[in-house]
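# Structural characterization, general
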Amino acid sequence: MAAFLSFHAPGFWLVVSLLCMLAAVAAQPFLPQRWRGGVILAAWLVVPYLALISGGVSPRLLGLRYLDWATTFRLGAGMLLAVVILAGVVRLVGSGAPSGRAGRSSGWSLVRDFGWSGAEELNWCFWRGGLWELFLVAGAPFGLPAYWAVWLAAAVNLPFALALQPNGWLRILKVAALAVTSVVFFYTGNFWLCWLIHGVLWLLLAPAPVRDEAPVSPHTALR
């Protein structure tokens, strides 16, 4: 119980994160268009930041510091190449995907979308690392706490990721990003590599935002 009652414990911040995400998603229909993206962004970033500065979660378990770069480069190069090849095949075959970004996205929109990928990935890694630390602190009876933490984090975040997508194609893409980065995080524990893969996957396969729409991210159903 102590893991949920202290500012310095991971369970407390996981509960806060869950409540913030529930509130942010539930509030979307009632917010002005220009505020919706900011509310989601705050839910993704503020709680992990507060948890880190309070000592509630470990930056190592979140994949921010003290990384195994040898494993990262060895596995990361192969995963990144696989993602690029898969995205290329999907674009060539069509497979129901919307038209791509070529000629329709400004440099700023690409940077913005890559930044949104990083914000969402940080929230995912916060859940992975927070649950991992919670299992270690609580002395979970099962083996491989990192494995269970990664997939429980995916189960918690999947409904929110799906709820924020405006169509079936983006839901499929979001499930793919969550699954791939979960596997990558389990083997490397590296947030930065997960962000890179998440961002590349999204930039290659998500449709470019229409120019006359509000300047919000296609990561969310705010359009």
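In short, a report on the structure.

About the cut-offs
- Residues numbered from 1 in each chain as written.
- Predicted model: local features only at pLDDT ≥ 70, side-chain atom pairs only at ≥ 80, totals over all residues.
- Heavy atoms only, no water.
- Patch = residues over 30% accessible without salt bridge, like charges linked within 9 Å, V, L, I, M, F, W, Y side chains within 5 Å.
- Areas by Shrake-Rupley, 256 points an atom, 1.4 Å probe, with all protein chains shown as cover.
- Salt bridge = Lys/Arg side-chain N within 4 Å of Asp/Glu carboxyl O.
- Helix = DSSP H or I, 4+ residues; strand = E, 2+ residues; numbered from the N terminus.
- Buried < 20%, exposed > 50% of the residue type's maximum accessible area, 1.4 Å probe, protein only.
- Core = buried A, V, L, I, M, F, W, Y, C linked by side-chain atoms within 4.5 Å.
- Phe/Tyr/Trp six-rings, centres within 6.5 Å; stacked < 30°, edge-to-face > 60°.

Quick look at a nonpolar patch on the surface now. On the surface, Leu144, Tyr147, Trp148, Trp151, Val183 and Tyr187 cluster together into a nonpolar patch covering about 620 Å² of accessible area. Those elements that provide at least two residues to the nonpolar patch are helix H5 (145-163) and helix H6 (168-188). Tallying contributions element by element places H5 first for the nonpolar patch, with three residues. Turning to its location among the elements, Trp148 is positioned in helix H5. The partly exposed category is assigned to Trp148, whose relative accessible area is 44%.

On to the nonpolar core, then. In this structure, Phe126, Leu131, Leu173 and Leu205 are the most contacted members of the largest nonpolar core, which totals 39 residues. Among the nonpolar cores identified, the runner-up in size contains nine residues, and Met21, Trp116, Phe160 and Leu164 belong to it.

Let's shift gears to the packing of aromatic side chains. Counted under the stated rule, the structure contains 12 aromatic pairs. Taken together, a centroid distance of 4.9 Å and an interplanar angle of 65 degrees make the contact between Phe7 and Phe12 edge-to-face. On the accessibility criterion, Phe7 (53% relative accessible area) is exposed. What makes Phe12 partly exposed here is its relative accessible area of 21%. Measuring from centroid to centroid gives 5.5 Å for Tyr147 and Trp148, while their planes differ by 85 degrees, and the two rings are edge-to-face.

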